[in-house]
Amino acid sequence: MTKALEGVRILDFTHVQSGPTCTQLLAWFGADVIKVERPGSGDITRGQLRDVPDADSLYFTMLNHNKRSITLDTKNPKGMEVLWEMVKICDVLVENFAPGVLDRMGLTWKKLHEVNPRLIVASVKGFGPGPYEDCKVYENVAQCAGGAASTTGFRDQVPLVTGAQIGDSGTGLHLALGIVTALYHRTHSGLGQKVDCAMQDGVLNLCRVKLRDQQRLAHGPLKEYSQFGEGVPFGDAVPRAGNDSGGGQPGRILKCKGWETDPNAYIYFITQAPVWEAICDVIGEPGWKTDPNYATPPARLPRLNEIFGRIEQWTMTKTKFEAMDQLNKYDIPCGPILSMKEIAEEKSLRETGTVVEVDHPKRGKYLSVGNPIKLSNSPTEVKRSPLLGEHTEEILRDVLKLDESRIAAITESGATGAQPRVAAE
Ligand code: COA
């Protein structure tokens, strides 16, 4: 079975998280992803947050599956020569260097397009054109600048960043979509184009409903926010809504059996209007079905604290899984707060390949998140990340088709970081 992106070759000039997320997805779909790394050190994440001495970190291995690695010093003229050879035979160049780095390397869009008009050049930067365009940006900076932090957390507490890497991995996802779209466009235009994703924009795209609420504020209070029911006036910007649900149906995180000792013994519970009667029956308050103080969504808004308090009395008598089982019988929307431990051990996620066990020659077996996008005719097989420079020779010889004397000259120059071969006696 051929893979969806088989035949597509990617010059992967990415590092850290945002770019590697993108190229890993493309590799999972079958593209030949060749990661270009600095000799000696490689992607900085290889050595970050190391848990096993001398082995590539999980940070690196979990973001660079199914890729090949070539080491090239782009500050060495021979290294740049090889890079230009790669530009000629690749379909896509993906990078997430700081603003200006690519130009300083001489890899301007104009020159790249001249050398290979079919090349798609895809970039992640922190910000698009504007006051911050020259800034270096990391995950939490993007979460703050993209509107996530100001709308996450509790109203009377500091803004919060989320554990989901919406700035890095989120932007990598956006970039991957841009790349496959440009590849499709190229099938009829014959030309490559630039694909730019700014992390601020990616985060804002994921915070779309909050910009919706910002505009609704001009027409009155946001009634589904708990603060409305509590009589707390709104300011001129969307407030943090705690654990309120974003879709207009009141929702909260409630304690379950064992919450005193288990920090994740909680369930998300939505009092969705169409199942209100079922909720009343389940929690043992059948009178609320007809009581005018509780029977309609507007009547419930000022009483949400009392209502969720009563529901919590019920959830506290059940584990989160027992509560799920009962509530699902009535289609009452709810979700267990799953710990990473529980997710790692979940059998069904292993069966679908969403959580995979990968073997690595230096670190042994580890768990990773597999491809969350399932294609019926292009299933993903997760293969371990490459060791630094593992495929340097193979790429020079088999992909770039350089002859032995040229490879020897490149090696001699130090451009790949490899030791020149000692001539046989
Ligand atoms: N050989 C030699 N030099 C290399 C090289 C190679 N193979 N690959 C990169 N370099 C050099 C570059 O030429 C550049 O040097 P220069 O500044 O002298 O021109 C430098 O390494 C790359 O630097 P930079 O991208 O600035 O790295 P950094 O560690 O200082 O910054 C980020 C890291 C992530 C902040 C920055 O890359 C960035 O803002 N990226 C865009 C946004 C982004 O993706 N952020 C999230 C990351 S998850």
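It should be noted that the structure appears before, not after, this text.
Since the model is a prediction, treat every value here as computed from it, not as a measurement.

(A) Geometry of the environment of Phe234. Among the secondary structure elements, Phe234 is positioned in the loop between helix 10 (226-229) and strand 7 (251-255). On the accessibility criterion, Phe234 (19% relative accessible area) is buried. The spatial distance from the C-alpha of Phe234 to the C-alpha of Val94 is 43 Å, given a sequence separation of 140 residues.

(B) Quick peek at the sheet that holds strand 9 (residues 334-336). The strand order across the open sheet formed by three strands is 7-8-9, and the pairing between neighbours is antiparallel. The sheet is open, and its two borders are formed by strand 7 and strand 9, each paired with just one other strand. The average undirected angle you get between the axes of adjacent strands in this sheet is 20 degrees. Note: strand 8 (residues 266-270) against strand 9, three bridges, orientation antiparallel. Of the residues in strand 9, the one forming a bridge with Tyr268 is Gly335. Against the sheet, helix 13 (residues 304-315) engages strand 7 and strand 8, with an angle of about 40 degrees to strand 7.

(C) Expanded view of the site of the ligand. In the neighbourhood of the ligand, 23 residues make up the surrounding shell, with Arg38, Leu72, Lys75, Lys136 and Val137 lying closest. Between the ligand and the protein, one listed contact pairs a nitrogen atom with a backbone N or O atom of Asn96 at 2.9 Å. Arg104 places a polar side-chain atom, nitrogen or oxygen, 2.9 Å from an oxygen atom of the ligand.

(D) Here's a closer look at helix 18 (residues 404-413). Residues of helix 18 that are buried include every one of Ile407, Ile410 and Thr411, and no others. One face of helix 18 carries all of its buried residues, which in axial projection span an arc of 100 degrees. Across helix 18 from its buried face, at more than 90 degrees, point the exposed residues Ser405 and Glu412. Residues of helix 18 that are buried make contact with helix 3 (77-89) and helix 17 (392-399).

(E) How the structure looks around a nonpolar patch on the surface. A cluster of nonpolar side chains, Leu173, Ile373 and Leu375, forms an exposed patch at the surface whose accessible area comes to about 230 Å². Here Leu173 is to be found in helix 7 (residues 168-189).

(F) Representation of the nonpolar core in the model. Counting 31 residues, the largest nonpolar core has Ile10, Leu26, Val92, Val94, Leu175 and Ile179 as the members making the most contacts within it. When residues of this core are traced back to their parent elements, those giving at least two are helix 1 (18-28), strand 4 (92-95), strand 5 (120-125), helix 7, strand 6 (194-198) and helix 8 (199-206). In this structure, Ile70, Leu93, Val101 and Leu102 belong to the second largest nonpolar core, which totals 30 residues.

(G) Local environment of the state of the cysteines. By the definition in use, this model includes zero disulfides. The structure places no disulfide on Cys144, whose sulfur is separated from the nearest cysteine sulfur, that of Cys207, by 11 Å. Exposure remark for Cys144: the relative accessible area of 46% places this residue in the partly exposed category. Exposure remark for Cys207: the relative accessible area of 10% places this residue in the buried category.

Procedures and definitions
- Residues numbered from 1 in each chain as written.
- Predicted model: local features only at pLDDT ≥ 70, side-chain atom pairs only at ≥ 80, totals over all residues.
- Heavy atoms only, no water.
- Helix = DSSP H or I, 4+ residues; strand = E, 2+ residues; numbered from the N terminus.
- Buried < 20%, exposed > 50% of the residue type's maximum accessible area, 1.4 Å probe, protein only.
- Pairing = 2+ DSSP bridges.
- Axes fitted to C-alpha atoms, helices over the stretch in contact; angles between N-to-C directions.
- Contact = heavy atoms within 4.5 Å.
- Near = heavy atom within 4 Å.
- Polar contact = N/O pair within 3.5 Å; in protein donor to acceptor, adjacent residues only side chain to side chain.
- Arc of directions from axis to C-beta.
- Patch = residues over 30% accessible without salt bridge, like charges linked within 9 Å, V, L, I, M, F, W, Y side chains within 5 Å.
- Areas by Shrake-Rupley, 256 points an atom, 1.4 Å probe, with all protein chains shown as cover.
- Salt bridge = Lys/Arg side-chain N within 4 Å of Asp/Glu carboxyl O.
- Core = buried A, V, L, I, M, F, W, Y, C linked by side-chain atoms within 4.5 Å.
- Disulfide = S-S within 2.5 Å.

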